[in-house]
Amino acid sequence: MILQNDLILRAARGEETERVPVWLMRQAGRILPEYRKVRESVSGFIELATTPELAAEVTIQPVDLLGVDAAIIFSDILVIPEAMGLPYQMIEKKGPWFEKTVQSEADLKKIRIAEPEADLDYVAEAIKITKRELNGRVPLIGFAGAPWTIFSYMVEGSGSKTFSKAKKMLYTEPELSNKLLDMITESTIKYLQMQIKCGADLVQIFDSWAGILSPAQYQEFGLKYISKICDAIDMVPVTVFAKGAYFARKQMGQLNCETIGLDWNMAVAPTRRLIGSDKTLQGNLDPCVLYSTDKEIELQTIEMLESFGGHRHIANLGHGVYPDIDPEKVKVFIETVKNWKPN
């Protein structure tokens, strides 16, 4: 299928674009009343994510309502542990919770490498429906969690400020840790390959908890596994977003991927020097800017765009959009990006 808008794909590959493309992490849902209406029609997040027709509907909503340059499939990074045999619940206002966790070699023997065609067929179906309904208007982004971030939930059992149980395992059981990370990595490669086969035009790896590791630990238990995934995915452009990993920017520049996502703490000029000129950068407006006045949002957005220079840049926030942000403010950000021209 020929895409009517392929700006993001061209930007990721370093080709010239008429303007900077824009999308938002967590754009599918959260801020949109239309999403909340769909969400209220089911028992909760997990039912919505596992019902392909509804997942496709909320995936497409931001394209129609916000005017973004890409859709991102509505799902969750924690479908991988579930597919590996570790189911989770999504507790309202608290987040994910795992009844069982991996703490020992015996626990490791109870889980398996995921088989996405069987275990995650609902994601495959949602992608196929979304591609059909988008009808080439914009590209579709597939995604997965990075192995360290998935590991942290499988060991900790829930969200955490410190993930001290997960980090403890890295120090006290490095061999066990590497075995689990290998299983997650193999599952993730298969999962991303399935998404691409079903129609994803590019994929993003989210390492939400990269920044809580030391540089040495992140090299050993984080980037090493992301690198394996990047090496295995060569059919579509790959974006790596490692929140808080400012200390690993140079190493991220050596990954076999097209785009590096930046959080709002990563200043653009030094990041570009560290990563090099042959990667596209994505980001990185502070989401809290979108609480400001329209004029302030415009000023901050233009300042961000100027810092990237208009080439090899995909505009985004430095993290996911927060659920209480007014969609009209998001539109100001998107329209400012679309109307901006480099000097």
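This is a predicted model, so every value here is computed, not measured. (Residues numbered from 1 in each chain as written. Predicted model: local features only at pLDDT ≥ 70, side-chain atom pairs only at ≥ 80, totals over all residues. Heavy atoms only, no water.)

*Asks:* Can you walk me through the overall build of the protein chain in this structure?
*Replies:* Regarding its fold elements, the protein chain presents 16 helices and nine strands. In terms of overall size, the protein chain behaves like a compact globule, its C-alpha atoms giving a radius of gyration of 19 Å where 343 residues would be expected to give roughly 20 Å. Within the protein chain, buried positions represent 58% of all 343 residues. A sequence separation of at least 24 residues applies to 75% of the contacts in the protein chain between residues at least 6 apart. Accessible surface computed for the protein chain: about 14,400 Å², of which carbon and sulfur atoms make up 50%. In the protein chain, 39 positive and 46 negative side-chain charges are present, and the distance between their average locations comes to 3 Å. (Helix = DSSP H or I, 4+ residues; strand = E, 2+ residues; numbered from the N terminus. Rg over C-alpha atoms; globule rule 2.2 N^0.38 Å. Buried < 20%, exposed > 50% of the residue type's maximum accessible area, 1.4 Å probe, protein only. Contact = heavy atoms within 4.5 Å. Areas by Shrake-Rupley, 256 points an atom, 1.4 Å probe, with all protein chains shown as cover. Lys, Arg positive; Asp, Glu negative; His and termini not counted. Charge placed at Lys NZ, Arg CZ, Asp CG, Glu CD.)

*Asks:* What's the story with helix 10 (residues 164–172) in this structure? I'm lost.
*Replies:* Residues separated by three or four positions in an α-helix point in the same direction, a consequence of the helix having 3.6 residues per turn. For helix 10, the full list of buried residues reads Ala166, Met169 and Leu170. Take helix 10 and look down its axis: the buried residues cluster within an arc of 100°, on one side only. Among the exposed residues of helix 10, those oriented more than 90 degrees off its buried face are Lys168, Tyr171 and Thr172. (Arc of directions from axis to C-beta.)

*Asks:* What exactly am I supposed to notice about the pattern of salt bridges here?
*Replies:* Two side chains with opposite charge may pair up if their charged atoms get near one another. Overall, the coordinates contain 15 salt bridges when judged by the stated rule. Between Asp119 and Arg112 there is a salt bridge; the shortest N-O distance is 3.6 Å. Overall, Arg112 belongs to the partly exposed group, its relative accessible area being 40%. Note that Asp201 is salt-bridged to Lys131, the shortest N-O span being 2.9 Å. Remark: Lys131 occurs in helix 8 (residues 121–134) and Asp201 occurs in the loop between helix 11 (174–198) and strand 5 (202–207); sequence separation between them is 70 residues. Residue classification places Asp201 among the buried residues on the basis of a relative accessible area of 16%. (Salt bridge = Lys/Arg side-chain N within 4 Å of Asp/Glu carboxyl O.)

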